[in-house]
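Descriptive structure summary
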Amino acid sequence: GAVVSQHPSWVICKSGTSVKIECRSLDFQATTMFWYRQFPKQSLMLMATSNEGSKATYEQGVEKDKFLINHASLTLSTLTVTSAHPEDSSFYICSARPGGRNTEAFFGQGTRLTVV
Amino acid sequence: DAKTTQPTSMDCAEGRAANLPCNHSTISGNEYVYWYRQIHSQGPQYIIHGLKNNETNEMASLIITEDRKSSTLILPHATLRDTAVYYCIVRVNNYGQNFVFGPGTRLSVLP
């Protein structure tokens, strides 16, 4: 099946710094990608919808100035956590779906962010 | 998207079939049933999806009741590596729409 790759798989950063997470669709183009966040023992929660060539759509309660999303090409979306704080520590997952009818979405392997 | 209800957890003996139920009594005619699973500290993995007919692939079978109000995911011969959280998601087949994850069923395959 199609492959979605995230990088890095894990990252540790200091409070106040920024961290960029990349999400790539390796063998298909994706005009839309989704970013989720997952806290321990909880389910995935949608953060934002990333649209190629336009602004991302953020879910209620997600600060767009803190979680910067750039979808500059049909195969790459990036999520930048700015001025990270310990409460931003979480598992971040992206998702993309090939175009066409009746297709499933594919998820990246996730990025474990720890802010110390 | 229609709401789904799944048991919180289930156990299954290794080598036996694992049958994971999902209730979606408010499903509408154009909504598909998708199943994903998430192994610890990994992203969700697609398993199978269907509209109204039963489906089978190399991973699992999906049985959808005639009234489409419930479905069952069947792993025919569960292995220890099938231990994961299984999510049943009902949604229209809209490219631009995300997947909404509930709490899922935590399946433990026991030796």
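Before going into details, it helps to say that this report is about the structure given with it. (Residues numbered from 1 in each chain as written. Chains lettered and ligands numbered in written order. Predicted model: local features only at pLDDT ≥ 70, side-chain atom pairs only at ≥ 80, totals over all residues. Heavy atoms only, no water.)

1. Some thoughts on the sheet that holds strand 3 (residues 19-25) of chain A
All names here are of chain A. To keep things clear, this is the line we draw: We call two strands paired when DSSP finds no fewer than two bridges between them. To qualify as a helix, a DSSP run of H or I must reach at least 4 residues; to qualify as a strand, a run of E must reach at least 2; elements of each kind are numbered from the N terminus. Structural elements are reduced to axes, namely lines fitted to C-alpha atoms, with helices fitted over the stretch in contact, and the angle between N-to-C directions of any two is expressed from 0 to 180 degrees.
The 4 strands lie next to each other as 1-3-8-7, forming an open sheet whose pairing is antiparallel. Taken across any chain shown, the strands that pair with only one partner, and hence form the sheet edges, are strand 1 (4-7) and strand 7 (67-73). Here the average twist between neighbouring strands, direction ignored, is 15 degrees. Both strand 7 and strand 8 (residues 76-81) contribute to a ladder of 5 bridges, which runs antiparallel. Its bridge partner being in strand 8, serine 73 is matched across the sheet by leucine 76.

2. Digging into the interface of chain A and chain B
One widely used convention gives an interface's size as the accessible area the parts lose upon coming together. Where we set the bar: Every residue pair with non-hydrogen atoms within 4.5 Å of one another is taken to be in contact. Simply put, the buried area is the total loss of 1.4 Å probe accessible area from both parts when two parts are fitted together. A pairing counts as a salt bridge when a side-chain nitrogen of Lys or Arg comes within 4 Å of a carboxyl oxygen of Asp or Glu. Between N or O atoms, a polar contact is any pair within 3.5 Å; within protein, one atom must be a potential hydrogen donor and the other a potential acceptor, and residues adjacent in sequence are included only when both atoms are from side chains. Each residue gets one of three labels, nonpolar for Ala, Val, Leu, Ile, Met, Phe, Trp, Tyr, Cys and Pro, charged for Asp, Glu, Lys and Arg, and polar for the others, Gly among them.
Contacts between the two partners involve 24 residues from chain A, matched on the other side by 22 residues from chain B. Summing the contributions of chain A and of chain B, the shared interface buries around 1,800 Å²; its carbon and sulfur component is 52%. At the junction of chain A with chain B, the criterion picks out 0 salt bridges. In this assembly, chain A and chain B are joined by 6 residue pairs in polar contact (both at pLDDT 80 or more). For the side of chain A that touches chain B, the secondary structure elements donating two or more residues are strand 4 (32-38) and strand 9 (90-96) of chain A. Here the side of chain A that touches chain B takes 4 residues from strand 4 of chain A, the largest share from any one element. Residue composition of the side of chain A that touches chain B, by class: 10 nonpolar, 10 polar and 4 charged.

3. Looking at the sheet that holds strand 8 (residues 84-92) of chain B
All names here are of chain B. As summarised here, the arrangement of the 5 strands in space is 1-9-8-3-4, forming an open sheet in which the pairing is mixed. The open sheet has two free edges, formed respectively by strand 1 (9-13) and strand 4 (45-50), since each of these has just one partner strand. Across the sheet, the mean angle from the axis of one strand to that of its neighbour is 25 degrees, orientation sign disregarded. By the bridge criterion, 3 bridges tie strand 8 to strand 9 (residues 105-110) in an arrangement that is antiparallel. Its bridge partner being in strand 9, tyrosine 86 is matched across the sheet by threonine 105.

4. Describing the side chain of Thr82(A)
Residues and elements named next belong to chain A. Quick note on the threshold: Three exposure classes are used, based on accessible area relative to the maximum for each residue type with a 1.4 Å probe and protein chains only: buried under 20%, partly exposed in between, and exposed over 50%.
With respect to the helices and strands, the residue threonine 82 is situated in the loop between strand 8 and strand 9. Since its relative accessible area comes to 16%, threonine 82 is described here as buried. Within the structure, threonine 82 has its side chain in polar contact with the backbone oxygen of aspartate 65 (distance 3.2 Å). Those residues within four positions of threonine 82 in sequence are excluded, and the remaining contacts are Thr17, Ser18, Asp65, Lys66 and Leu68.

5. Things to note about the state of the cysteines
Residues and elements named next belong to chain A. Keep this limit in mind: Disulfide assignment relies on a single distance test, namely cysteine sulfur atoms paired within 2.5 Å.
Tallied over the full model, the rule gives 2 disulfides over all chains. There is a disulfide in this structure between cysteine 23 and cysteine 94, and the S-S distance comes to 2.0 Å. Measuring the twist about the S-S bond at about 80 degrees, one finds the cysteine 23-cysteine 94 disulfide to be right-handed. Highlighted residues: cysteine 23 in strand 3 and cysteine 94 in strand 9, separated in sequence by 71 residues.

6. Observations regarding the environment of Pro76(B)
Residues and elements named next belong to chain B. As for its position among the elements, proline 76 is in the loop between strand 7 (70-75) and strand 8. Through-space distance from the C-alpha of proline 76 to that of serine 61 is 7.8 Å; in sequence the pair is 15 residues apart. Leaving out residues up to four positions away in the same chain, proline 76 has contacts with Gly15, Arg16, Ala17, Met59 and Ala60.

7. As for the pattern of salt bridges
A complete count under the given rule lists 4 salt bridges over all chains for this structure. Where Lys66(A) meets Asp88(A), a salt bridge forms, and the shortest distance between an N and an O atom there is 2.8 Å. With Lys66(A) in the loop between strand 6 (57-58) and strand 7 and Asp88(A) in the loop between strand 8 and strand 9, this residue pair connects regions lying 22 residues apart in the sequence. Accessibility classification places Lys66(A) together with Asp88(A) in one group, the buried group. The salt bridge involving Arg37(B) is made with Asp82(B); its shortest N-O contact spans 2.7 Å. In this pair, Arg37(B) is assigned in strand 3 (residues 31-38) and Asp82(B) in the loop between strand 7 and strand 8, connecting sequence segments 45 residues apart. In this pair, the class of Arg37(B) matches that of Asp82(B), namely buried.

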